[in-house]
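Each chain is listed here by its residues.
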Amino acid sequence: MRRLTILGATGSIGVSTLDVVARHPDRFEVVALSGHRQIDRLAEQCLACNPRLAVVADVEAAGVLQAKLAGRVRTEVMYGPEALELIAALPEVDTVMAAIVGAAGLRPTLAAARTGKRILLANKESLVMAGGVFMQEVAAHGATLLPIDSEHNAVFQCMPAQGNAGVRRILLTASGGPFRCTSLDALDHVTPEQACAHPNWDMGRKISVDSATMMNKGLEVIEAHWLFDTPAERIDVVIHPQSIVHSMVEYVDGSVLAQMGNPDMRTPIAHALAWPERIESGVSALDLALAADLVFERPDFARFPCLRLAFDALQAGGGTPAVLNAANEIAVAAFLERRLGFRAIADVIAATLDTLPHTPTGTLDEVFAADAQARVTAARIIEART
Ligand code: NDP
Ligand code: MG
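Before going into details, it helps to say that this report is about the structure given with it. Here the structure is a predicted model, which is why all the values come from computation and not from measurement.

1. What about the overall build of the protein chain?
Helix and strand counts for the protein chain come out as 16 helices and 11 strands. When each of the 386 residues of the protein chain is scored for burial, the buried share is 56%. Across the protein chain, every contact between residues at least 6 apart in sequence was considered, and the portion connecting residues at least 24 apart equals 69%. Of the accessible surface of the protein chain, which amounts to about 16,100 Å², a share of 52% is contributed by carbon and sulfur atoms. Charge-centre separation for the protein chain: the mean point of 33 positive side chains lies 2 Å from the mean point of 44 negative side chains.

2. Here's the deal with the side chain of glutamate 220
The residue glutamate 220 is located in helix H11 (residues 215-227) in this model. Those residues in contact with glutamate 220 that lie beyond four places of it in its chain are Lys124, Asp149, Glu151, His152 and Leu172.

3. Some points on the sheet that holds strand E11 (residues 256-260)
The 4 strands are arranged E9-E8-E10-E11 in an open sheet whose pairing can be described as mixed. This sheet does not close on itself; its edge strands, each paired only once, are strand E9 (235-239) and E11. Taking the axes of each pair of neighbouring strands and ignoring which way they run, one obtains an average angle of 20° across the sheet. Lying on the sheet, helix H7 (residues 150-158) is in contact with strand E8 (167-174), strand E10 (245-251) and E11; it crosses E10 at an angle near 40°. Sitting on the sheet, H11 touches E8 and E9, and the angle it makes with E8 is about 150°.

4. Side note on the packing of helix H13 (residues 305-316) against helix H14 (residues 320-336)
Relative to each other, H13 and H14 sit at 150°, their axes nearing to 7 Å. In terms of their interaxial angle, H13 and H14 are classed as roughly antiparallel. On the side of H13, the interface is formed by Leu309, Ala310, Ala313, Leu314 and Ala316, while H14 contributes Thr320, Pro321 and Leu324. Broken down by class, the residue content of the contact of H13 with H14 amounts to 7 nonpolar, 1 polar and no charged.

5. What about the sheet that holds strand E3 (residues 53-56)?
The pairing of strands in a sheet comes from backbone hydrogen bonds and takes either a parallel or an antiparallel form. With parallel pairing, 7 strands are arranged side by side in an open sheet as E4-E3-E2-E1-E5-E6-E7. Strands at the two margins of the open sheet, each flanked by one partner only, are strand E4 (76-79) and strand E7 (144-147). Across the sheet, the mean angle from the axis of one strand to that of its neighbour is 25°, orientation sign disregarded. Note that strand E5 (residues 95-98) and strand E6 (residues 118-121) share 4 bridges and pair parallel. Opposite methionine 97, over in E6, you have leucine 120 as the bridge partner. The strands touched by helix H2 (residues 39-49) are strand E2 (28-34) and E3; relative to E2, the strand with the most contacts, the crossing angle is about 155°. Packing against the sheet, helix H5 (residues 106-114) makes contact with strand E1 (2-7), E5 and E6, and its axis sits at approximately 150° to E6.

Conventions and cut-offs
Residues numbered from 1 in each chain as written. Chains lettered and ligands numbered in written order. Predicted model: local features only at pLDDT ≥ 70, side-chain atom pairs only at ≥ 80, totals over all residues. Heavy atoms only, no water. Helix = DSSP H or I, 4+ residues; strand = E, 2+ residues; numbered from the N terminus. Buried < 20%, exposed > 50% of the residue type's maximum accessible area, 1.4 Å probe, protein only. Contact = heavy atoms within 4.5 Å. Areas by Shrake-Rupley, 256 points an atom, 1.4 Å probe, with all protein chains shown as cover. Lys, Arg positive; Asp, Glu negative; His and termini not counted. Charge placed at Lys NZ, Arg CZ, Asp CG, Glu CD. Pairing = 2+ DSSP bridges. Axes fitted to C-alpha atoms, helices over the stretch in contact; angles between N-to-C directions. Parallel < 35°, antiparallel > 145°, perpendicular 65-115°, else oblique. Nonpolar A, V, L, I, M, F, W, Y, C, P; charged D, E, K, R; others polar.

Below is the structure:
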């Protein structure tokens, strides 16, 4: 029996995780759940799984949840960032799904690493911000890190059982998002609704915008660097609009191993939940005849400047990826609030990186300082444009 904490249970990954978990009541017990603002949804989840603890954003949200649950389930309600760390580190929990979006996921995910959990990592921002510190903590405390991001889960499945001997390249596939063929001029006028309407995946709003700018793939290159101890020169991005091949590993003998499947996050979630075993996920079987036309293209860095910015940030090292990540979060939030145009997202990130070129991040405090400085800088740059 695996005992789970699900951080970000109310989000897209959280809901898919609970779907897989509900298919296997003999294997999984939910000990704790977190949400942030979607209290109705979290209440339903608590009523369905009867977790020992639930965590929400603040005292008001906690009061609302408490009232909905009173007398119906055993769940104790807590709130705030420290409570997130607490449920990630509970002694009776062995597995933590890290599915909070953005920098808010870093501290609780680190708490899971420091208590040696099996971490199912969806929150790629943790690794982008603090990959060095994070991987050290995982190693120091004997935690197990399993990637949920579909590309990294695919690479994990195609990698040698240990190390990366014989691997020549990692090939991350990217759908190219909703604007792969949109004219560059038209990109100036796209709306948040259009950017969030991903052709293949149903995801949260922030990652959907990241997919439309391809910053998502940029963040994933940095994520792959840390997860698989591979330099940027040996990580390539391939556009594959059908999202059937989830990524590939090329070996020195010319073999290329790919992991394929229908685009449904329940596959990587089930894989990581049960690893090294395999369990049913509810995902329909891949019909190869239907998927017959698999297309692969090179990415266009002029159309997707965010991808180039991320590669450059990884090469620059130090605190630059943390600055990139924070500036992106601020710019994407401004775009979603209609305060910034779509193409200006990349401009704001580039200007923030130019303003903060050499930020050290040897320690966690330095990571958070770089993150905070980048947020203020990006917000000022956005303000100055309007
Ligand atoms: P969603 O926006 O759907 O969900 C985010 C979750 O985080 C929700 O539970 C939300 O709570 C919670 N949350 C938001 N802000 C905070 C905060 N400040 N503190 C604590 N909790 C917070 O995102 P996704 O599920 O799409 O993505 C989650 C992570 O997984 C991201 O890092 C993303 O990059 C990654 N990922 C997602 C994929 C997908 O298919 N969706 C694929 C690969 C990676 P509430 O909704 O209650 O406010
Ligand atoms: Mg991905």
